[in-house]
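This is what each chain is made of:
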Amino acid sequence: MTDDTQASAPEATQVVEATVKETTPVKAEEKAAPAEETKPMAEVIPPSASFKEESNVVHELEDPHKKALDELKQLVEQALRNNEFADSPPSPPSAQPAAPQTAETAAAEVVVVEEKLVVKVAEVAAVEQDTKAVGEVPPPAEPSTALEVVEEVTVKVVEEVTPPPPSQTAGEAPAAEDSGVKTVEVVQETARAEAPAPLQEEVTIWGIPLLGDERSDTLLLKFLRARDFKVKETLDMIKKTVRWRKDYKVEELFLGEEDLGDKGFEKIVFMHGTDRQGHPVCYNVFGAFQDKELFKKTSGTERDLFLRWRIQFLEKGVRQLDFRPRSTSTVIQVTDLKGSPGLLNRELQLTMKALSVMLDNYPELVAKQVVINVPWWYLAYTKMLNTFFTPRTRSKFVYATPSRSTEALFRYIAPEHIPIQYGGLSKEDDTELSTADAASESIVKPSSHAVVEFIVSEACTLVWELRVLGWDVSYGSEFVPDAEDSYTIIVEKTRKVAATDEPIIRTSFKIGEPGKVVLRIENASSKKKKLLYRSKTKMTAV
């Protein structure tokens, strides 16, 4: 291929340029005419991928939500003081027959009577003080009579239940100063009883204290939103979660004190990359249950072991989130139903059990639930499944049939963060390119060409990779030096790439002079193709 052939490109050719500058990563921009509008996706996918999460900043909340949060904080503080987050809920008081009155119970009643009478005396004294302040002289008989009645009742009750001390004779009355001491003691005990009880031991969920931490408001708001800001229902949900975590020993699971072994469960659930807004992405692969050995581990005697592993995995993932008010405290969940079991299989029942645990004890942690490779029966099943969810939760679901699944993922996740098996460019243990090397996307129109150019300004080693979803195109690459007396170097001969060939083509080429690397993609089919590409330079040692 010569420079002349390069200059005479057909009219349908799309040109994409990328400039390489020293050690900076390659960035590519399309120079061609605007790509054609994409047709709307299937009805199961919403028309827009944009979504906005509610704020966790208190002053940005709506007034009713602020009020609900304040009320919940007060109830949580009261519950902490009353030790209501204990291992078991307090049993309601049972009605019991009245016990015969003894000297001790009678004395206790006397203390209560004395407390009430002391309050009455204080009220009378206050009236006298107010009257003197305004210069009025009250009738002398009334306050003195009231004081005499108080003293008389107090003395009589004490005499009925408390035998006189040995130093007193039967006809002697209690000393006046003893009565004064007793009144002071009652007032002091009353003051101590009215003082708030100290807080019990710190109670945490996901490692976050319920109160007093900069992350506490975000935690409480998640439970409030799960209960539509109904404060009492929210408090009850929090109590149940705290007790469940103690009963299930979740902290021990998180710390790894229980050895769950290497059972291969990570094939079913794993974390990989982030979405376009920075949310971690969690993948749930139902097709993994087709592995017979894995099937036995999740449905046989080790069924509970899988559930405990799932909770451990979930707890570790939650602890990596940032619950500060303006940070990311949710994930994107991708559920792959390819090869999934039927409605009545045990795997689905186990998944429903895990879902129930998550809804009850890990609320509002999913920003978007993208369900891909949805079979025909699942669309009907979602109607039943939606009965478990509130309208708020249902709005987070996106369903995509097999032909639309990759397109649905690209709406939320960039190609460099999507695993290869789902149409992306990301693979584990990649030492040359990572998620930090952003990819570009383009559409190759039917019966047309696309050209990608990487500009090189100095000697280096250029690494690039290319992927056309569904392939069935022709591909080749060449290096064109800037010097007029230099020759074009063919890097990769043009060849047909079938849909069954390797998912990604990666090439490394050492360049000794300024120029450009040109990639050519020819789409001879009647369908448009999605093109993904990215590159990176490595400086050549002098």
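As the structure is a prediction and not an experimental result, all values here were calculated from the model. (Residues numbered from 1 in each chain as written. Predicted model: local features only at pLDDT ≥ 70, side-chain atom pairs only at ≥ 80, totals over all residues. Heavy atoms only, no water.)

(A) Up close: empty space enclosed by the protein. With the rule as written, the count across this model stands at one cavity of 30 Å³ or more. The volume enclosed by the largest cavity comes to roughly 140 Å³. Lining the largest cavity are 13 residues, with M271, L314, G317, V318 and V331 sitting closest to its centre. Sorting the residues of the lining of the largest cavity by element identifies α10 (303-319) and β7 (331-336) as the ones contributing at least two each. By residue number, the principal contributor to the lining of the largest cavity is α10, which donates five residues. In terms of residue class, the lining of the largest cavity is made up of ten nonpolar, two polar and one charged. (1 Å grid on protein atoms, 1.4 Å probe; cavity = no way out; pocket = protein on both sides within 12 Å on 5 of 7 lines; lining within 4 Å. Points joined across faces, edges and corners; volume = space filled by probe spheres on them. Helix = DSSP H or I, 4+ residues; strand = E, 2+ residues; numbered from the N terminus. Nonpolar A, V, L, I, M, F, W, Y, C, P; charged D, E, K, R; others polar.)

(B) Inspection of helix α6 (residues 216-226) at higher detail. For α6, a buried count of eleven out of eleven residues is recorded, marking the element as mostly surrounded by other parts of the structure. The secondary structure elements touched by the buried residues of α6 are α2 (63-81), β3 (204-205), β4 (208-209), α7 (231-247) and α13 (391-394). After α6 finishes, the residue D228 shows a positive phi value of roughly 50°. (Buried < 20%, exposed > 50% of the residue type's maximum accessible area, 1.4 Å probe, protein only. Contact = heavy atoms within 4.5 Å.)

(C) Fine view of the packing of aromatic side chains. Across all of its chains, the model carries 15 aromatic pairs by this definition. An angle of 10° between the planes, with centres 5.2 Å apart, marks the rings of F270 and Y283 as stacked. Separated by 13 residues along the polypeptide, F270 in strand β5 (residues 269-274) and Y283 in strand β6 (residues 280-285) bring together distant segments of the chain. Over the ring of F254 we find R319; its NZ or CZ atom is 4.0 Å from the centre of that ring. A cation over a ring is seen here: K530 above F410, with NZ or CZ 5.4 Å from the ring centre. (Phe/Tyr/Trp six-rings, centres within 6.5 Å; stacked < 30°, edge-to-face > 60°. Lys NZ or Arg CZ within 6 Å of the ring centre and 35° of its normal.)

(D) The arrangement of the layout of surface pockets in detail. Approximately 1,200 Å³ is the volume found for the largest pocket. S403, T406, E407, L469 and K530 are, among the 36 residues lining the largest pocket, the residues nearest its centre. Of all the secondary-structure elements, those providing two or more residues to the lining of the largest pocket are α14 (405-412), β10 (440-444), β12 (460-468) and β17 (529-539). Of all the elements, α14 adds the most residues to the lining of the largest pocket, at six residues. A per-class count over the lining of the largest pocket returns 13 nonpolar, nine polar and 14 charged. By volume, the second largest pocket is sized at about 900 Å³. In this structure, the second largest pocket is lined by 45 residues; those nearest its centre are L355, M358, L359, Q369 and F389. If one sorts the elements of the lining of the second largest pocket by residue count, helix α11 (residues 346-361) sits on top with nine residues.

(E) Spotlight on the pattern of salt bridges. Under the definition given, this model contains 27 salt bridges. Salt-bridge contacts for R276 lead to E441; the nearest nitrogen and oxygen are separated by 3.1 Å. Of this pair, R276 sits in the loop between β5 and β6 while E441 sits in strand β10, and the two are 165 residues apart along the sequence. Under the relative-accessibility criterion, R276 is labelled partly exposed at 43%. Taking relative accessible area as the criterion, E441 reaches 28% and is therefore assigned partly exposed. A salt bridge links R534 to E465; the nearest nitrogen and oxygen atoms lie 2.5 Å apart. (Salt bridge = Lys/Arg side-chain N within 4 Å of Asp/Glu carboxyl O.)

(F) Summary view of the pairing of β7. Counting buried residues in β7 gives six out of six residues, a clear majority hidden from the surface. Burial along β7 is two-sided: the residues V331, Q333 and T335 and I332, V334 and D336 are all buried. Where β6 meets β7, five bridges bridge the pair, whose relative direction is parallel. Directly across from C282, in β7, lies its bridge partner Q333. In terms of strand pairing, β7 meets strand β8 (residues 366-372) through six bridges, oriented parallel. (Pairing = 2+ DSSP bridges.)

(G) Fine view of the side chain of E364. Take E364: it is sitting in the loop between α11 and β8. A residue is classified by how much of its surface remains accessible, and E364, at 12% relative accessible area, is buried. Of the polar contacts made by the side chain of E364, one reaches the side chain of R392; its length is 2.7 Å. In contact with E364, other than residues within four places in its own chain, are K222, R225, A226, T330, R392, T393 and K396. (Polar contact = N/O pair within 3.5 Å; in protein donor to acceptor, adjacent residues only side chain to side chain.)

(H) Main features of the sheet that holds β12. With antiparallel pairing, the four strands of this open sheet are ordered in space as β10-β17-β12-β15. Strands with a single pairing partner mark the edges of an open sheet, and in this sheet they are β10 and β15 (505-511). In this sheet, adjacent strand axes meet at a mean angle of 25° when their direction is disregarded. With seven bridges joining them, β12 and β15 adopt antiparallel strand pairing. If you follow T461 over to β15, its bridge partner there is K510. (Axes fitted to C-alpha atoms, helices over the stretch in contact; angles between N-to-C directions.)

(I) Looking closely at the packing of α6 against α7. Relative orientation of the contacting elements α6 and α7 amounts to 115°, with a least axis distance of 9 Å. Crossing of α6 against α7: the hand is right-handed. Packed against α6, whose contacting residues are L220, F223, L224 and A226, the element α7 presents V231, T234, M237, I238 and T241 at the interface. Looking at side-chain class alone, the contact of α6 with α7 contains seven nonpolar, two polar and no charged residues. (Left-handed = near helix turned anticlockwise from the far one by under 90°.)

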